[in-house]
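Descriptive structure summary
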Amino acid sequence: MRTATILTAGAISAASAGRINRADFRREDIIYKDVAIVGGGASGAHAAVRLRQDYNKSVVVVEREPILGGHVDTYVDKTTGRIHDYGLALYFPYLDSFDFFSRPEINVTLSPWFPAGGNEVRYIDFTSGKELTSAFQPPDESAGPIAVKKFHDLMTANGWDNMTQPGYWGLPAGKDIPADLLLPIGQFAKKHGIEAMLSTMYPSTGGGVGSRGNFEDILTLSIIKAFPTAWSKVFFGEVAMFSIDGGNQFLYDKISTLLGKDVLYNSQVFHSNRSNSGIELVVDSARLDDDEEQPGKSRKGKGKGKATKKLIIAKKLLLAIPPTRENLAPFDLTPAEKAHFSKPKYGRSHTAIAKHSKLPAGVQLHNLPLSATANPLSPFLQTPFVLSFTSLATDSPLFSLGSSGTNYTAFPPSEAKKVARKAIQTMVDAGTLPDLEGEEVEFVAWSDHGPGGFGVSAQELKEGWMEDMYSLQGKRSTWFTGNGIAADFTTMLWKFNDQMLDRIVEGL
């Protein structure tokens, strides 16, 4: 099970410790590297490979999970042997990003990805448990792609695509950000006559993680992070989608093998010193015994082993974790940095595979409000919610699901599971699903995708929040990467890294 990269109150308290004394550490527990990377998801793992292999720099990755991969979640059905990617499911080409897959050290095989077909779709309001009547007609299948194409053309014609992808290096200063990008996405779509794109954007973005209750109220600039112009090409057929043969985790297992002992698994930073001359990190690391399976060799890793305290001394720090104030508490933030990172309002999402013999196999239970009968172009739900339960096979009791909540601190896995179980029970109580006969819904795999989206207000952006964020790059020997400040797609995050790595290694 993956857990979100959110630190506990104990971790925050530990971060307030005093100056680091190197004499407190055994010689073998002091690690000297060119670059320390915190977070081993898509951004951190990619950066580690490129820094070590292409720039000949020494690295260490601090990863709190027993495996690399971040939002990649691969489950193998023990009964059938089938592989199910229930987290990040696909990749699409962006510039030359696919070259990473074919590197000699990586060399994974990609196959075209297509949405699973064959499932009957039932539209149900999970809040009332009632199925939408035959009066509900889904939007014309061509309307969404046509509107998305207009959105793409609008973005490129105005140069807004270059301002917002793969990151925001090209975004003008706050007062000069184009006014349209600071409109709520509902107003933006209405202004440009492309309302039909919203019902396509909505499920693609997981219902708008980070929204403040209503999808249409999310700022366009925020939505673009989860629905960038490059990704929009998928919906009108200009770009194809791919998955990795053997499951998407296979990529990160290969990276794990490549990096070897340069990754500290089950590890967490609890204190740091950052300066313009370098950084020090105090890390609690769980070291596996020699006879235990090495982390990353299996899809879910092994036990945590023996805990040990390590000191990392590096010339540069790359933070590849969501830049929430809680996550950054151990990194000796200045008062200005604390104020800056306190402004975004993050949402939280989870993905899972559930099992129940009474749920209908070969069916997708799709959550739509009853109001969608009158307005099918506005299928928007109030958070927290489960977007759908999707059968994985006609001969299997397994279902995939995704859930989203507005406040990441108030939507941990325990609450998300309650929301999912309540949705099923509500459908049973309404007579839409058969009685469960006392059988509990079992979650055979669960992944907490942690903070998502950046809910910065239009006023805060006008006042220079994004400009200030990017001005922090390189200050106190620290750099930031990941979907907290760039487009939320693996291949685009890799290109964001490519833009940044030359800057990081300068002077090393």
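See the structure shown above.
Please read these numbers as outputs of a predicted model, since none were measured by experiment. (Residues numbered from 1 in each chain as written. Predicted model: local features only at pLDDT ≥ 70, side-chain atom pairs only at ≥ 80, totals over all residues. Heavy atoms only, no water.)

1. Some remarks on the sheet that holds strand β14 (residues 363–367)
Condition: When DSSP finds at least two bridges between two strands, those strands are taken to pair. Numbering goes from the N terminus for both helices and strands, where a helix is a DSSP run of H or I of at least four residues and a strand is a run of E of at least two.
Ordered in space as β7-β6-β14-β15-β16-β13-β17, the 7 strands form an open sheet in which the pairing is mixed. The open sheet is flanked by β7 (130–131) and β17 (442–452), the only strands paired with a single partner. Summarising the sheet, strand β13 (residues 347–355) and strand β16 (residues 398–405) pair through 8 bridges and their orientation is antiparallel. Following the sheet pairing, Thr351 is matched in β16 by Gly402.

2. Side note on the environment of Phe250
The cut-off we apply is this: In what follows, residue pairs with any heavy atoms lying within 4.5 Å of each other are defined as contacts.
Note on placement: Phe250 falls in helix α9 (residues 249–259). In this structure, the C-alpha to C-alpha distance between Phe250 and Gly69, residues 181 residues apart in sequence, is 9.4 Å. Ignoring anything within four residues of it in the chain, the contact list for Phe250 reads Val108, Ile244 and Asp245.

3. Comments concerning the packing of aromatic side chains
Ring pairs (aromatic) are described by centroid distance and by the angle formed between their planes. Definition in use: Any two of the Phe, Tyr and Trp rings considered here, Trp counted by its six-membered ring, make a pair once their centres fall within 6.5 Å; the pair's planes then place it as stacked at under 30 degrees, edge-to-face at over 60, or tilted in between. Each residue's exposure class comes from its accessible area (1.4 Å probe, protein chains only) as a fraction of the maximum for that residue type: buried when under 20%, exposed when over 50%, partly exposed otherwise.
One pass over the structure, following the stated rule, counts 24 aromatic pairs. Their ring planes at 35 degrees and their centres at 6.4 Å tell us that Tyr202 and Phe385 sit as a pair that is tilted. Residue Tyr202 is located in helix α6 (residues 198–204), and its partner Phe385 is located in strand β15 (residues 385–391); the two are separated by 183 residues in the primary sequence. For the pair formed by Tyr202 and Phe385, the shared burial category is buried.

4. Focus on the packing of helix α2 (residues 42–53) against α9
Short version of the rule: Angles shown run from 0 to 180 degrees and are taken between the N-to-C directions of axes, each axis being a line fitted to C-alpha atoms and, for helices, limited to the stretch in contact. By the definition adopted for this analysis, an angle is roughly parallel if under 35 degrees, roughly antiparallel if over 145, roughly perpendicular if from 65 to 115, and oblique otherwise. Handedness of a crossing follows from how the near helix is turned relative to the far one, being left-handed for an anticlockwise turn of less than a right angle and right-handed for a clockwise one. Residue classes follow a fixed rule: Ala, Val, Leu, Ile, Met, Phe, Trp, Tyr, Cys and Pro count as nonpolar, while Asp, Glu, Lys and Arg count as charged, and any other residue, Gly among them, counts as polar.
Running from N to C, α2 and α9 point in directions that differ by 40 degrees, and their axes come no closer than 11 Å. Relative to α9, α2 is oriented oblique. Note on packing geometry: the crossing formed by α2 with α9 is left-handed. Between α2 and α9, the residues in contact are Ala42, Ala45, Ala48, Val49, Arg52 and Gln53 and Tyr252, Ile255, Leu258 and Leu259, respectively. Grouping the amino acids of the contact of α2 with α9 by side-chain chemistry returns 8 nonpolar, 1 polar and 1 charged.

5. So, the pairing of β14
Working note: regular strand, side chains alternate between the two faces of the sheet. For β14, a buried count of 5 out of 5 residues is recorded, marking the element as mostly surrounded by other parts of the structure. Pairing geometry for strand β6 (residues 120–125) and β14, over 5 bridges, is parallel. Along β14, the bridge assignment pairs Ile124 with Asn367. Where β14 and β15 come together, 3 bridges link them in antiparallel fashion. The residue of β15 that forms the bridge with His366 is Ser388.

6. Some details on α9
Each turn of an α-helix holds 3.6 residues, which means side chains three or four residues apart point in the same direction. What α9 keeps buried is the set Gln249, Leu251, Tyr252, Asp253, Ile255, Ser256 and Leu259. Backbone geometry just after α9 places Gly260 at a positive phi near 55 degrees.

7. Some points on the side chain of Thr481
Inspection of the secondary structure puts Thr481 in the loop between β18 (478–480) and α15 (490–505). Overall, Thr481 belongs to the buried group, its relative accessible area being 3%. Once residues lying within four places of it in the same chain are set aside, the contact partners of Thr481 are Ser43, Leu318, Leu319, Ala320, Ile321, Phe496, Asn497 and Met500.

8. A short note on the pattern of salt bridges
Heads up, the rule is: Here, a salt bridge means any side-chain nitrogen of Lys or Arg that lies within 4 Å of a carboxyl oxygen of Asp or Glu.
The full count for this structure, using the stated rule, is 27 salt bridges. A salt bridge links Lys175 to Asp176; the nearest nitrogen and oxygen atoms lie 3.2 Å apart. Relative accessible area serves as the criterion here: at 69%, Lys175 is assigned to the exposed category. Several salt bridges converge on common partners, so that one network encompasses Arg50, Asp54, Asp96, Arg103, Glu105, Lys495 and Asp498.

9. Some thoughts on unusual backbone geometry
Omega for the bond connecting Gln165 with Pro166 falls within 30 degrees of zero, at 0 degrees, which places this linkage in the cis form. For Pro166, the position within the fold is in the loop between α4 (160–164) and α5 (185–191). For the bond from Thr383 to Pro384, the omega torsion is 0 degrees, close enough to zero to count as cis. The residue Pro384 is located in the loop between β14 and β15 in this model. A positive phi is found at Leu95, a non-glycine position, where the angle reads about 50 degrees. Secondary-structure assignment places Leu95 in the loop between β4 (83–85) and β5 (110–112). Look at Leu95 and you get exposed, because its relative accessible area is 67%. Even without being glycine, Asn266 reaches a positive phi, approximately 50 degrees.

10. Some points on the environment of Val49
Mapped onto the elements of the fold, Val49 is located in helix α2. Judged by its relative accessible area of 0%, Val49 falls in the buried class. The spatial distance from the C-alpha of Val49 to the C-alpha of Val59 is 8.9 Å, given a sequence separation of 10 residues. Ignoring sequence-local partners within four residues, the contact set of Val49 consists of Asp54, Phe100, Arg103, Ile255, Leu258 and Leu259.

11. A few points about helix α12 (residues 413–429)
Rules: One less than the residue count of a helix, multiplied by 1.5 Å, gives the span that helix is expected to have.
Taking 1.5 Å as the rise per residue, α12 with 17 residues should run 24 Å; its terminal C-alpha atoms sit 24 Å apart, in good agreement. Taken as a whole, α12 has its buried residues at Pro413, Ala416, Lys417, Val419, Ala420, Ala423, Ile424, Thr426, Met427 and Val428. Next to the buried residues of α12 lie β6, β13, β14, β15, β16 and β17. Of the residues one or two after α12, Gly431 is the one with positive phi, at around 80 degrees.

12. Description of the nonpolar core
Where a protein is soluble and globular, its nonpolar side chains tend to be buried together. Inclusion rule: To form a nonpolar core, buried Ala, Val, Leu, Ile, Met, Phe, Trp, Tyr and Cys residues must be joined to one another through side-chain atoms within 4.5 Å.
In terms of nonpolar packing, the biggest core is built from 110 residues, with Met197, Leu251, Tyr252, Ile255, Leu281 and Ile312 touching the most fellow members. Ile312 has contacts with Ile31, Ala36, Val60, Val62, Leu264, Ile279, Glu280, Leu281 and Val283, leaving out every residue within four places of it along the chain. Counting residues in each nonpolar core, the second largest holds 24 residues, with Ala352, Val386, Ile424 and Leu433 among its members.

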